[in-house]
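# Structural characterization, general
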Amino acid sequence: MARWCYRHRLVVLLLWVGALVGVGFSASTAGTNYANVFSLPDTDSKTAYDLMQKAFPNTSGDTDTVVWKADSGSVTDQAVKDRVQPALDKIAKLPGVGAVTSPYAGARGSAQISKDGTIAYAQLTFTKRANEIPKEQVQKVLDTAQAAERSGLQVELGGQAIQRVQEPPQGLSEMVGIVAAAVVLFLAFGSFFAMTLPIAVAVFGVGMGLFSTQLLSHTTDIPDIAPLLASLIGLGVGIDYALFIVTRHRRGILRGMDPEESAVTALNTSGRAVLFAGGTVCIALAGMLVTRLHFLDGVVIGTSLTVVLSVLAATTLLPALLGLLGPRVLSRRQRRRLAAEGPEPEKASGLAARWSANVEKRPRRIAALAVVVMAVLAVPVLSLRLGATDQGNDDASTTTRKAYDLLAEGFGPGFNGPLQVVSVGGDTAKLVQGLQSTPGVAQVAELPPSQGVTVIQVVPTTSPQSKETDDLIDTLRDQVIPKAGAQAHVGGVTAVSKDFASVTGDRLPLFIGTIITLGFLLLLVAFRSLVVPLTAAVMNLIAAAASFGVLVAVFQWGWGLDLLGLGKEGPINAFLPVIMLSLLFGLSMDYQVFLVSRMHEEWVHTKDNARAVRVGLAETSRVINSAALIMVCVFLAFVLSGDSGAAMAGVGLAAAVALDAFILRTALVPAAMHLLGRSNWWLPAWLDKRLPHLAVEPQEPAAAVDPAEPTGPGTAIHGFVRTPGGDPVEAASVTVMSKGGRQLDRVTSLADGSYIVSVPAPGAYLLAVTSASYGSKARHVTVAEGPVVYDVELTGDEVDAVN
């Protein structure tokens with residue numbers, strides 16, 4: 001497939017451009033139809049909502065507020081009243097509005113005026129919940145209310161429905177992320193053309209994914225947060241997948257391969273790993289389905305579709321683009337050096353190789369240090385509290401934030417999250433008295449009953465996102481209502497948020513167990529080892545704990561929150577653990593696959609665990625770290641989205657990816673694999689026979705049909721293994737392999753450093769020499785008629801790694 005795409009590059013490019021333009025035009029014509037279907041069956045808040053909807057069909061929706069403040073005088077002055085009341089009367093007649101409760105309507109309304117008389121509010125009760133009201137209707141309410149504003153009179157609106165029309169401009173965070181990724185790619189590649197390849201692939205993949213999700217919103221329920229999360233994960237994986245393939249392709253050209261063969265080899269090695277990694281991400285995302293929180297089903301559809309299209313772009317569009325660029329995928333300096341000096345030696349050198357050798361020498365010390373760092377970062381997770389942020393976290397320039405602050409100033413923070421106690425039987429008067437005498441209750445207002453249902457509005461003394469308000473809800477449900485002998489339920493937005501946090505917390509263990517099990521089984525089949533997937537599962541849990549620790553420290557404890565410009569500290573959004581863990585486990589598996597697949601490739605060829613781990617880390621750590629840095633930039637850019645949920649997800653995922661790549665995959669995983677030795681690749685024989693074969697790396701040809709192995713009379717390669725000072729190296733492992741990678745002979749050097757290995761016939765072979773004390777070296781050796789003398793010098797400061 002890679003070869004076909006490379007040779008028919010213009011056809012492939014035109015097909016992708018045509019598909020993107022066609023789907024984009026269709027999506028633009030059809031528009032969006034996102035639906036935030038949110039339901040928590042078998043919860044107290046859902047029962048309260050159902051009762052209100054039955055008894056008060058026109059007032060069962062969410063309640064928003066219009067707040068105004070007079071800079072001088074009082075809000076009861078006739079001049080203020082003459083401007084505000086007509087606007088409220090007009091709002092009451094707008095579609096979607098069930099009722100408007102004005103502070104100017106008799107004695108009952110006086111409670112809606114602050115004690116100093118400078119701030120007042122009116123309640124707008126919509127006929128539906130906020131996520132079901134068309135934005136056009138809400139915008140008319142907003143425009144009508146703010147038309148009453150004048151000099152000295154401030155008018156603001158707050159509530160869930162109003163917040164939906166105050167969303168920041170779309171695309172800013174994505175653009176910042178792409179620019180940051182471009183800078184990192186240019187520094188990594190040193191070539192403008194090579195830099196554009198991963199970005200082009202990501203743009204095509206994410207663009208197709210978002211347009212397709214928009215079209216699907218007309219046929220199934222997809223929440224409006226799905227496109228945001230899809231672009232966040234799609235940009236990250238799209239750029240990273242292309243980066244892995246382009247890196248392998250560039251390395252092939254630098255080592256003398258023809259551009260077409262290099263591209264085909266890159267797709268047949270790194271491309272396979274990309275397919276596998278994309279599958280792991282989709283499986284991790286699908287793990288959200290076990291929570292039975294149905295509003296997440298649309299998130300799974302949108303994000304998984306975007307990941308699939310990003311993988312498709314990396315495996316079809318990318319080889320076509322590589323064909324268009326040819327050698328220009330290298331920088332000018334690299335092309336000049338290749339022409340002047342010839343192919344580069346097949347070795348990994350520099351910082352990555354030195355670090356890999358260092359990990360091999362000191363695995364216990366490095367593993368212990370990495371564990372301590374991750375454990376310290378995970379400590380804050382012990383105080384994790386799920387809940388919902390409120391509009392105090394909105395941008396300071398939005399009308400929802402200004403209304404929130406005005407209500408808190410005039411009436412106390414509890415006005416921003418009133419509770420609705422819905423009573424259907426018992427002594428309502430006694431219940432009202434019990435509510436009024438409950439600590440933490442600022443105000444109680446009983447509304448006229450309808451069809452045997454009475455709604456009592458309870459205003460807490462604390463803000464909606466505070467722990468004290470959560471405790472108050474428990475007190476009302478467990479003590480106050482039973483003591484009054486009433487049949488009542490506690491509802492309202494704040495109660496719904498609390499119930500959602502409880503349901504999510506209860507289902508998290510099942511969710512985590514599901515995605516860990518699926519990931520374990522997938523790696524078990526891929527690498528045919530019990531220890532590798534078990535190590536990956538443990539590492540994923542460590543990464544999750546440390547990243548949530550960072551999240552708690554920033555958003556719940558408030559460390560550095562002012563730098564992000566996201567308001568005050570509060571609980572972690574209840575939906576975030578499910579979404580973030582899905583993405584985290586998927587991305588962690590990506591890095592595990594890319595790291596271990598290279599180690600496994602080396603292990604299959606040499607059966608030397610130390611060499612496999614050392615070479616795998618040396619060849620992949622640089623590209624994994626570059627990929628992680630790109631993802632961190634993309635995720636952190638979502639802090640600019642203005643959405644607190646997206647900002648939390650961005651910071652949490654950025655921390656998770658950074659810790660996973662820079663500490664776990666670069667230090668702890670290879671150190672652990674060195675300590676575990678050959679047991680890394682252990683698999684019981686009975687299980688090996690029953691497992692299906694899934695090749696992350698291309699299969700080597702069988703011995704009987706190996707085209708790279710010469711035929712003819714047998715001969716040999718012999719010589720000495722020595723240090724640069726001429727000292728013999730005893731017990732060095734000497735392996736000879738065919739060009740296809742099949743091991744032909746393996747011996748151990750004697751006390752004087754001598755060795756001899758047999759080869760079947762004249763031809764080209766690969767000779768690999770490994771010593772625990774002096775490192776490794778691999779070289780191509782050409783055998784003519786008769787034995788060949790080949791001495792090997794091990795320097796101890798380099799790692800030679802052969803594809």
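What this report covers is the structure whose coordinates are included nearby. (Residues numbered from 1 in each chain as written. Predicted model: local features only at pLDDT ≥ 70, side-chain atom pairs only at ≥ 80, totals over all residues. Heavy atoms only, no water.)

## Regarding the sheet that holds strand β6 (residues 419-425)
Note the following rule: Pairing between two strands requires that DSSP report at least two bridges joining them. Numbering of helices and strands starts at the N terminus; helices are DSSP runs of H or I of at least 4 residues and strands are runs of E of at least 2. Axis lines are fitted to C-alpha atoms, over the contacting stretch for helices. Their N-to-C directions set the angle, which ranges from 0 to 180 degrees.
The strand order across the open sheet built from four strands is β7-β8-β6-β9, with neighbouring strands paired in antiparallel fashion. Edge positions in the open sheet fall to β7 (441-446) and β9 (487-491), since each of these has one partner strand only. Averaged over all pairs of adjacent strands, the angle between their axes in this sheet comes to 20 degrees, without regard to strand direction. With five bridges connecting them, β6 and strand β8 (residues 454-460) associate as antiparallel partners. Across the sheet, Val-421 pairs through a bridge with Ile-456, a residue of β8.

## Some points on the packing of aromatic side chains
This is how the line gets drawn: A pair of Phe, Tyr and Trp rings is counted when the ring centres sit within 6.5 Å of each other, with Trp represented by its six-membered ring. The angle between the planes then sorts it: under 30 degrees is stacked, over 60 is edge-to-face, the rest tilted. For every residue, the accessible area obtained with a 1.4 Å probe (protein chains only) is divided by the maximum for its type, and the residue is called buried under 20%, exposed over 50%, and partly exposed between those limits. The criterion is that NZ of a Lys, or CZ of an Arg, lies within 6 Å of the ring centre and within 35 degrees of the ring normal, and then a charge sits over that ring.
A full pass over the atoms with the stated rule returns seven aromatic pairs. Consider the rings of Tyr-121 and Phe-411, whose centres lie 5.0 Å apart with planes at 85 degrees: the pair is edge-to-face. Residue Tyr-121 is located in strand β3 (residues 119-126), and its partner Phe-411 is located in helix α15 (residues 399-411); the two are separated by 290 residues in the primary sequence. By relative accessible area, Tyr-121 is classed as buried at 6%. Both rings, one in Phe-192 and one in Phe-193, keep their centres 6.0 Å apart while their planes meet at 70 degrees; by these two values the pair is edge-to-face. The ring of Phe-720 has Arg-722 lying over it, and the distance from NZ or CZ to the ring centre is 4.4 Å.

## What to know about the sheet that holds strand β16 (residues 775-783)
The strands making up a sheet associate through backbone hydrogen bonding, with each pair oriented either parallel or antiparallel. Quick reminder of the rule: Two residues qualify as a contact provided that any one of their heavy atoms is within 4.5 Å of a heavy atom in the partner residue.
Here four strands make up an open sheet; going across it, the order is β13-β12-β15-β16 and the pairing antiparallel. Strand pairing shows two members of the sheet lacking a second neighbour, β13 (743-748) and β16, which therefore form its edges. Strand-to-strand twist across the sheet, computed as the mean angle between neighbouring axes with direction ignored, equals 20 degrees. For strand β15 (residues 763-771) and β16, the ladder comprises nine bridges, and the chain directions are antiparallel. Looking at β16, one finds that Thr-770 is bridged to Ser-776. Where helix α22 (residues 609-636) meets the sheet, it contacts β15 and β16, and its direction lies at approximately 95 degrees from that of β16.

## A look at the pattern of salt bridges
Note the cut-off: When a carboxyl oxygen of Asp or Glu lies within 4 Å of a side-chain nitrogen of Lys or Arg, that pair is called a salt bridge.
Using the criterion set out here, one finds 16 salt bridges in the structure. A salt bridge links Asp-471 to Lys-467; its shortest N-O distance comes to 3.4 Å. One end of the pair is Asp-471 and the other is Lys-467, both in helix α17 (residues 467-484) and four residues apart, which spans about a single turn. A single network of salt bridges, built from pairs that share partners, joins Arg-3, Arg-7, Glu-260 and Glu-261.

## As for the packing of helix α18 (residues 493-527) against helix α19 (residues 531-556)
What counts, and what does not: Handedness of each helix crossing follows the sense of rotation of the near helix against the far helix: counterclockwise by less than a right angle gives left-handed, clockwise gives right-handed.
Running from amino to carboxyl end, α18 crosses α19 at an angle of 145 degrees, the nearest separation of the two axes being 8 Å. α19 is crossed by α18, and the crossing has right-handed handedness. Within the contact between the two elements, α18 uses Ile-512, Ile-516, Phe-520, Leu-523, Leu-524 and Phe-527 and α19 uses Val-532, Pro-533, Leu-534, Ala-536, Ala-537 and Leu-541.

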